Amino acid sequence: MTATSSAAVARALGAGRGDDASRLAQHALLIAVPLAALFMVALLAFGPRVYVATAVVGTYGTVALAGSMARLVIVVIGGWAR
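These lines cover the structure that appears in this document, whether it is placed above or below.

**Comments concerning the pattern of salt bridges**
Applying the stated criterion across every chain yields a total of two salt bridges. Between D20 and R17 there is a salt bridge, and its shortest N-O distance comes to 2.9 Å. The class of D20 is partly exposed, set by a relative accessible area of 26%. Two residues, R23 and D20, come together in a salt bridge whose shortest N-O distance is 2.5 Å. In this pair, R23 and D20 both sit in helix α2 (residues 18-53), three residues apart, roughly one turn of the helix. Using a relative accessible area of 42% as the deciding quantity, one classes R23 as partly exposed. Shared partners join several salt bridges into a network, and the residues in it are R17, D20 and R23.

Rules and cut-offs
- Positions within a chain are numbered from 1, following the residues in the order the chain's sequence is written.
- At least 70 in pLDDT is required for a residue's local features to be given in this predicted model, at least 80 for side-chain atom pairs to be given and counted, and no such filter applies to totals for whole chains, interfaces and linings, which use all residues.
- Side-chain numbers come from the whole structure's heavy atoms, not from hydrogens or water.
- Between Lys or Arg on one side and Asp or Glu on the other, a salt bridge is scored when a side-chain nitrogen of the former is within 4 Å of a carboxyl oxygen of the latter.
- Working definition: with a 1.4 Å probe on protein chains only, accessible area under 20% of the residue-type maximum means buried, over 50% means exposed, and in between means partly exposed.
- A run of H or I in DSSP becomes a helix once it reaches four residues, and a run of E becomes a strand once it reaches two; helices and strands are each numbered from the N terminus.

Here's what the structure looks like:
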C-alpha cells in the first residue's frame, strides 16, 4: 500500500495537482491508521495464542512473546516520536 500511495501522490504532485496529492495522502492515512490499530490490537490480544498454536512454548515462547511486545512498543513509540 505504501508504494502505491507514494507513487500516486508523486504523480499528482508532478502533474501540479497539489490538492489531489493532499487528498490521496489523506485517504492513504485514513486506511492505514485503522488497519495498523487493528493489527496492533490483534497482536496484543492473540499474540500468546499464536505462539502456542505454532508450538513455540516454554522458555522460547516467553522470550518470543516478550521480544514481540518490546518491538511493538518500540515501533509505536518511535512512530509517535516523529
